[in-house]
Amino acid sequence: TVRIRLGRRERFKREMYQSIPSPVSPRQSRNMRWSLALNAVLGLAVAAMLFRGASAAVLSSPVAAAQRFASPSVVRSAPAFQVPSGMVHSLSQAGRRAAPSRSVGANVLASPTQSSAGTIVDDGTITLTRFMIEEAMKSNTPGQEDMVRLISSISVACKRIASMVQVAGISGSTGLAEGGGSVNVQGEEQKKLDVISNDVLKSALRSSGKLGVIASEEEDTPVVVDELYSGEYVATFDPLDGSSNIDAAISTGTIFGVFKAPEECLVNPDADKLSIAEQQCLEATLQPGNNLVAAGYCMYSSSTILVMTTGNGLNGFTLDPTIGEFILTHPNIQIPKRGKIYSMNEANYFDWDPKLQGYVDSLKKGEGESGDKYSSRYIGSMVGDVHRTLLYGGIFAYPADKKNTNGKLRLLYEAAPMSLIFEQAGGKAVTGPGQRVLDLMPEKVHQRVPVFIGSPEDVAECEKKLA
């Protein structure tokens, strides 16, 4: 009996001890507190996300937006909603400009179920197409609608060339055309992309339906556009300026100019021999730069930039690859009156006229009219050098020398278009003292001329030194 009672007592003690929780160590207690704190934070975060999602869904609903402005019971007598002036953004480098204040009539919100699709929302972004359309609408000049189509075709060609330049090293498009030995009319070896870019531009301009004759650096003679596609304009272009740098991934570019063709021009492209009248039509490309109705260049570098003018100021557009459109980023470009950079190929220094040598020496020493020492910047790609000069000021020159007595740049599709661009930006372009580039009457398609182009005060000082 005593043994049975002791056994029951032992079992009771064991059960009592098991029901009492074991002591918790300080480390376990600290871990438990951290776990509870983290769970609380996660719970709050999830709740906040759910709340934001619900709010966004409500705000994004057109019906909810309408209800925020007015209820159905008061909408008929509600005053028009005026966009606050503080919400209108001014023009920025992102291509946005101030949109005019618009009044949203109360009748737009006539019922809580009506959609807001009829409301025009303008974020101020100006694409090249929109810019050209608005310019055509403001202008009273006949043919501006045709210019919209023509510039659009050029911009498409620039996009294609930019794409090819970006992947040239991957696609095997670098190097000489036909493995070497392919030479253009200038006596220069053609790169693969020279030939491809030339074909892309010709195709784009032909399909615009607004061109009658095309003259290119890569073509021996002007090209007649098919009668089916022919139009009233003449285009001259350098399809890929600076192509010698393409293998080194240095900036290159396309230069173009547009003239008005004589109205009586109609050329049969299938004829074996052109008549005198048809030959005269092809000679429509031989016009002075003063006759240009449009000019521009497209630079392929860290970004693709199209700078162009139709005779009413100069504007720059940057290609946005996310939407495939050129966006206005440099409105109404004006070159500084004077800069501190000169851009010339000084490897030819000892072949220059001594007067030009003296001018460059004075810039280096800070003995010029400004008294500032100039820096030398030279890429070897005209588009790249000219673009920097346009934005920063200074002077770009490719003068005559003992080897190239008439200079090296072509008048029709390099010197003349660039001169119009600079003059539209307030700059100056001459071939020598008192000799304006745009006044020159070309004698042949591939005629070369010396060029001094840049800030007006820098070019004027250079003219004085050369006189």
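Residues numbered from 1 in each chain as written. Predicted model: local features only at pLDDT ≥ 70, side-chain atom pairs only at ≥ 80, totals over all residues. Heavy atoms only, no water.

## Focus: the state of the cysteines
The final tally for this structure, using the stated rule, is zero disulfides. Note on C298: no disulfide assigned, nearest cysteine sulfur contributed by C158 at a separation of 3.6 Å. (Disulfide = S-S within 2.5 Å.)

## Concerning the packing of helix α10 (residues 382-392) against helix α11 (residues 411-424)
Where α10 contacts α11, the axes come no closer than 12 Å and their chain directions differ by 15 degrees. Considered as vectors, α10 and α11 are oriented roughly parallel to each other. Relative to α11, the crossing made by α10 is right-handed. From α10, M382, V383, V386, T389 and L390 reach across to α11, where they touch E414, M418, I421 and F422. (Axes fitted to C-alpha atoms, helices over the stretch in contact; angles between N-to-C directions. Helix = DSSP H or I, 4+ residues; strand = E, 2+ residues; numbered from the N terminus. Parallel < 35°, antiparallel > 145°, perpendicular 65-115°, else oblique. Left-handed = near helix turned anticlockwise from the far one by under 90°. Contact = heavy atoms within 4.5 Å.)

## Re the packing of aromatic side chains
In this structure the tally under the stated criterion is three aromatic pairs. With a centroid separation of 5.3 Å and 70 degrees between ring planes, the pair formed by F131 and F317 is classed as edge-to-face. Highlighted residues: F131 in helix α4 (residues 128-138) and F317 in strand β9 (residues 315-320), separated in sequence by 186 residues. Each member of the pair, F131 as well as F317, is classed as buried. Every member of this aromatic cluster is reached through a ring pair, and the members are Y349, F350 and W352. (Phe/Tyr/Trp six-rings, centres within 6.5 Å; stacked < 30°, edge-to-face > 60°. Buried < 20%, exposed > 50% of the residue type's maximum accessible area, 1.4 Å probe, protein only.)

## Topic: the pairing of strand β10 (residues 325-330)
Walk down a regular strand and you will see the side chains alternate between the two sheet faces. Pairing of β9 with β10 involves five bridges; the strand directions are antiparallel. Looking across to β10, one finds that D320 is bridged to E325. Linking β9 to β10, which pair antiparallel, is a turn of four residues; within it G324 sits at a positive phi near 70 degrees. (Pairing = 2+ DSSP bridges.)

## Description of α10
In terms of residue burial, α10 counts as a mostly covered element, since nine of its 11 residues are buried. When we look at burial in α10, the residues that qualify are M382, V383, G384, D385, V386, H387, R388, T389 and L390. Just past α10, the residue G393 takes up positive phi, approximately 85 degrees.

## Some details on the pairing of strand β8 (residues 304-309)
Taken across its six residues, β8 has six buried, putting it largely inside the fold. Both strand β7 (residues 292-300) and β8 contribute to a ladder of six bridges, which runs antiparallel. The residue bridging Y300 from the neighbouring strand is T304, located in β8. Pairing of β8 with β9, which is carried by four bridges, proceeds in the antiparallel orientation. Within β9, the position partnered with I305 by the bridge is T318. Hairpin remark: β8 followed by β9, antiparallel, with five residues in the connecting loop; positive phi at G311, about 95 degrees.

## Thoughts on the side chain of D238
With respect to the secondary-structure elements, D238 resides in strand β5 (residues 233-241). Nearest to the buried, unbridged D238 among oppositely charged side chains is R410, at 4.7 Å. Other than its neighbours up to four places away in sequence, D238 contacts E217, G253, T254, I255, Y413 and E414. (Lys, Arg positive; Asp, Glu negative; His and termini not counted. Salt bridge = Lys/Arg side-chain N within 4 Å of Asp/Glu carboxyl O.)

## Focus: the pattern of salt bridges
Enumeration according to the criterion identifies 13 salt bridges in this entry. As a salt-bridge pair, R388 and D385 come within 3.1 Å of each other at their nearest N and O atoms. Placement of both R388 and D385 in helix α10 is noted, with a separation of three residues, approximately one turn of the helix. Take R388 and D385: they sit in the same class, and that class is buried. What emerges from the salt-bridge pattern is a single network uniting R338, E369, E457, D458, E461 and K464.

## Some points on α4
All buried positions along α4 are accounted for by L128, F131, M132, E135 and A136. The buried residues of α4 all sit within an arc of 130 degrees when viewed along its axis, so they share a single face. Among the exposed residues of α4, those pointing more than 90 degrees away from its buried face are M137 and K138. (Arc of directions from axis to C-beta.)

## Regarding the packing of α4 against helix α5 (residues 144-166)
Relative orientation of the contacting elements α4 and α5 amounts to 165 degrees, with a least axis distance of 9 Å. Between α4 and α5, the crossing angle belongs to the class labelled roughly antiparallel. As for the relative orientation of α4 and α5, their crossing is right-handed in sense. Residue-level inspection shows L128, M132, I133 and A136 of α4 in contact with α5, the latter providing Q144, M147, V148, I151 and S155. Of the residues that constitute the contact of α4 with α5, the class distribution is seven nonpolar, two polar and no charged. (Nonpolar A, V, L, I, M, F, W, Y, C, P; charged D, E, K, R; others polar.)

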